[in-house]
Amino acid sequence: MHMIDRESLTKLLEPRGQTHLLAFWDELDSQQRTDLAKQVANLDLDLISSLYRGDVDLPDWADLSRRATPPPAVRLTERRAGTGGDLGVTDVQAIQRGEAALRDGKVGVILTAGGQGSRLGFELPKSLYPIGPISKASLLQIHIEKVRATAAKFDVNVPLYVMTSPATHADTVRFLADNDNFGLTDHDLTVFCQGCMPAVDIETGHLLLADKHQLFMSPNGHGGTIAALEDSGALDAMRQRGIEQLFYLQVDNPLVPICDPALIGYHILANSELASLTIAKQEPQDKLGNFAMIDGRLHVIEYSDLPDDVAQQRDEHGELKFWAGSIAVHVFERALLERAVEIKETLPFHIARKNVPHIGADGTHVTPTEPNALKFEKFIFDLLPAAQRPIVVEYAEAECFAPLKNAPGAPKDTPEYVQRMLLAQHHRWLTAAGASIADRVDVEISPLYALDAAAVEQRLPPDHFFDKSEYLRD
Ligand code: UTP
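Bear in mind that the values here come from a model prediction, so they are computed numbers and not experimental data. (Residues numbered from 1 in each chain as written. Predicted model: local features only at pLDDT ≥ 70, side-chain atom pairs only at ≥ 80, totals over all residues. Heavy atoms only, no water.)

**With respect to the overall build of the protein**
Next, step 1: Secondary structure summary: the protein contains 15 helices and 23 strands in total.
Next, step 2: On C-alpha atoms alone, the protein measures out to a radius of gyration of 24 Å, which is about the 23 Å that the 2.2 N^0.38 rule sets for 474 residues.
Next, step 3: Principal-axis analysis of the C-alpha atoms gives the protein an extent of 75 × 50 × 45 Å.
Next, step 4: For the protein, restricting intrachain contacts to residue pairs at least 6 apart in sequence, the fraction spanning at least 24 positions comes to 74%.
Next, step 5: In the form shown here, the protein has an accessible surface area of approximately 21300 Å², with 48% of it arising from carbon and sulfur atoms.
Next, step 6: Both charge centroids of the protein, one from 45 positive and one from 68 negative side chains, sit 1 Å from each other. (Helix = DSSP H or I, 4+ residues; strand = E, 2+ residues; numbered from the N terminus. Rg over C-alpha atoms; globule rule 2.2 N^0.38 Å. Contact = heavy atoms within 4.5 Å. Areas by Shrake-Rupley, 256 points an atom, 1.4 Å probe, with all protein chains shown as cover. Lys, Arg positive; Asp, Glu negative; His and termini not counted. Charge placed at Lys NZ, Arg CZ, Asp CG, Glu CD.)

Here is the structure:
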């Protein structure tokens, strides 16, 4: 309360060159002054200055990648051949182990849905986007139905922890309430909110105002999951429930095989703290993070940080040396998340240049068409080096990866693309089960009808013919 006068705020802001935040002080009412003062008091101004000045040690990825090696892996060919890869564990064994963990109620799910989804240009949080090709089910509904279907299959409770941000929280909570959590009980659903970071002007390092009494703030990156899990008490709740493995995914990809027993099983049988799902890169410069071991630790090297000559390197079989792409799907051992709480401050900030609308010096709203600001975000994959005995497990891209990033009409990762990928998977499952589908007919499958090809085969009458588009649901 002691800092709501202009003098104290000036004293705080002046040494950091941020007094412009008080430019409209005389126009603010007392509530607005209190709001602004509170926000200023919550800032770590020294951290912001040092991030802007760039006096943080950024890894020399070019150098590091030259001594990196491919990660311990189970390749798809080995899984299909039943030979087990670097682990010597077969798919059958992994699936049995994963199923046992699920049946024992040891597995929970973390879904991050705090991003602003700015590229998609949808006015609501991305998780509410009606992506179902026929059903118009939202991303959130599809994920929740997978969690429910898993719980039903193994006759257990599978808790879901959904991370929102101040940008998405209220709409997400309302949407869940309006739809009865899509059938998930309150006991099995926790919604927790991540923190925010301010943005600064690229040229001056000045903090940006969203309004005359409000700093521009945006979610602090999916790396904010760690702090948010702790601050919300969700991590404690997991421990109390006896949850050991957390299946982690991001909301924009409805193809994720949530709680896939094979991934969980490989994780457990490798005694790993982190098993990551990976897809094989098609081209050296594919826009995916690259899994790589550096000094015995697993890292994701962003595609923009991997020098071309390293990206081009091939092994003795002519395959890309850094073949393993990350799609941000992991199984975390709870113990790793607990340790991460201890080291969360040391996770680095990544700096992105973005267009940030703000209040200009003359008090008018400015909507930039070029990047004008730096945003600061933590990334979940910076936790990977802390993991003991990490392993990556390869999946076919068509079975696990269709991210919704861009607005309709963009060249890639659009709603049309995601819907095509969903339908293609469902059609594969149906034809594998002996069904035939007429031309120009689409069949969408709710996770509650079937979670995978085997479940379709069990439910579908033999030689079924689809002559009109249909949504198969429970
Ligand atoms: P992206 O970095 O692709 O961001 O996040 P986005 O919000 O989906 O889209 P753009 O970049 O603004 O267009 C990947 C995933 O991480 C989550 C997002 O919700 C998405 O599922 N995320 C991202 C968070 O939960 N919090 C964040 O601060 C950032």
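**Details of the pairing of strand β14 (residues 324–333)**
Next, step 1: With 10 of its 10 residues buried, β14 lies for the most part within the structure.
Next, step 2: Judged by which residues are buried, β14 turns out to be covered on both faces: Ala324, Ser326, Ala328, His330 and Phe332 on one side and Gly325, Ile327, Val329, Val331 and Glu333 on the other are all buried.
Next, step 3: Direction of pairing for strand β10 (residues 245–250) relative to β14: antiparallel, over a ladder of four bridges. Looking at β14, one finds that Tyr248 is bridged to His330. (Buried < 20%, exposed > 50% of the residue type's maximum accessible area, 1.4 Å probe, protein only. Pairing = 2+ DSSP bridges.)

**Looking at the packing of helix α10 (residues 234–241) against helix α13 (residues 334–343)**
Next, step 1: At a minimum axis separation of 11 Å, α10 and α13 run at an interaxial angle of 150°. In terms of axis orientation, α10 runs roughly antiparallel to α13. Along this stretch, α10 crosses α13, giving a crossing that reads as left-handed. Only Arg334, Leu337, Glu338 and Val341 of α13 make contact with α10, whose side of the interface consists of Leu235, Met238 and Arg239. (Axes fitted to C-alpha atoms, helices over the stretch in contact; angles between N-to-C directions. Parallel < 35°, antiparallel > 145°, perpendicular 65-115°, else oblique. Left-handed = near helix turned anticlockwise from the far one by under 90°.)

**Focus on the sheet that holds strand β15 (residues 350–354)**
Next, step 1: If you walk across this open sheet you meet the three strands as β6-β18-β15, and the pairing is antiparallel. Sheet topology places β6 (200–201) and β15 at the edges, where each strand pairs with a single neighbour.
Next, step 2: Alignment of β6 against strand β18 (residues 373–377), held across two bridges, turns out to be antiparallel. What sits directly across from Val200, in β18, is Leu374.

**Digging into the layout of surface pockets**
Next, step 1: The calculated volume of the second largest pocket comes to roughly 730 Å³.
Next, step 2: Contributing elements (two or more residues each) for the lining of the second largest pocket: α5 (76–81), α6 (91–103), α7 (139–154), α11 (261–269), α14 (415–432), β21 (443–445) and α15 (453–459).
Next, step 3: Within the lining of the second largest pocket, the residues separate by chemical class into 23 nonpolar, four polar and 10 charged. (1 Å grid on protein atoms, 1.4 Å probe; cavity = no way out; pocket = protein on both sides within 12 Å on 5 of 7 lines; lining within 4 Å. Points joined across faces, edges and corners; volume = space filled by probe spheres on them. Nonpolar A, V, L, I, M, F, W, Y, C, P; charged D, E, K, R; others polar.)

**Points about the environment of Asn290**
Next, step 1: Within the secondary structure, Asn290 sits in strand β12 (residues 289–294).
Next, step 2: Between the C-alpha atom of Asn290 and that of Cys259, which follows or precedes it by 31 residues, the distance is 23 Å.
Next, step 3: If we ignore the near neighbours within four places in the chain, the residues touching Asn290 are Lys281, His299, Val300, Ile301, Glu302, Tyr303, Leu306, Phe322 and Ala324.
Next, step 4: Of note is the side chain of Asn290, whose polar atom sits 2.6 Å from the side chain of Lys281. (Polar contact = N/O pair within 3.5 Å; in protein donor to acceptor, adjacent residues only side chain to side chain.)

**Examining the site of the ligand**
Next, step 1: Surveying the vicinity of the ligand reveals 19 residues, the closest of which are Ser118, Arg119, Lys126, Gln194 and Lys405.
Next, step 2: Residue Val251 places a main-chain N or O atom 3.1 Å away from an oxygen atom belonging to the ligand.
Next, step 3: In this structure, an oxygen atom belonging to the ligand sits 2.6 Å away from a side-chain N or O atom of Lys405.
Next, step 4: Protein chains shield 90% of the accessible area of the ligand, which is 560 Å² for the free molecule.
Next, step 5: Its residues placed into classes, the shell around the ligand shows four nonpolar, 11 polar and four charged. (Near = heavy atom within 4 Å.)

**A short note on the nonpolar core**
Next, step 1: Residues Val109, Leu160, Phe247, Cys259, Leu263 and Ile264 are the most contacted members of the largest nonpolar core, which totals 58 residues.
Next, step 2: Ranked by residues supplied to this core, first place goes to α7 with seven residues. (Core = buried A, V, L, I, M, F, W, Y, C linked by side-chain atoms within 4.5 Å.)

**Remarks on unusual backbone geometry**
Next, step 1: Positive phi is not limited to glycine here, since Asn181 has a value of about 55°.
Next, step 2: Here Asn181 lies in the loop between α8 (169–178) and β4 (189–193).
Next, step 3: Here Asp463, not a glycine, exhibits a phi torsion of approximately 55°, which is positive.
Next, step 4: Mapping Asp463 onto the fold places it in the loop between α15 and β22 (465–466).
Next, step 5: Given a relative accessible area of 66%, Asp463 falls into the exposed group.

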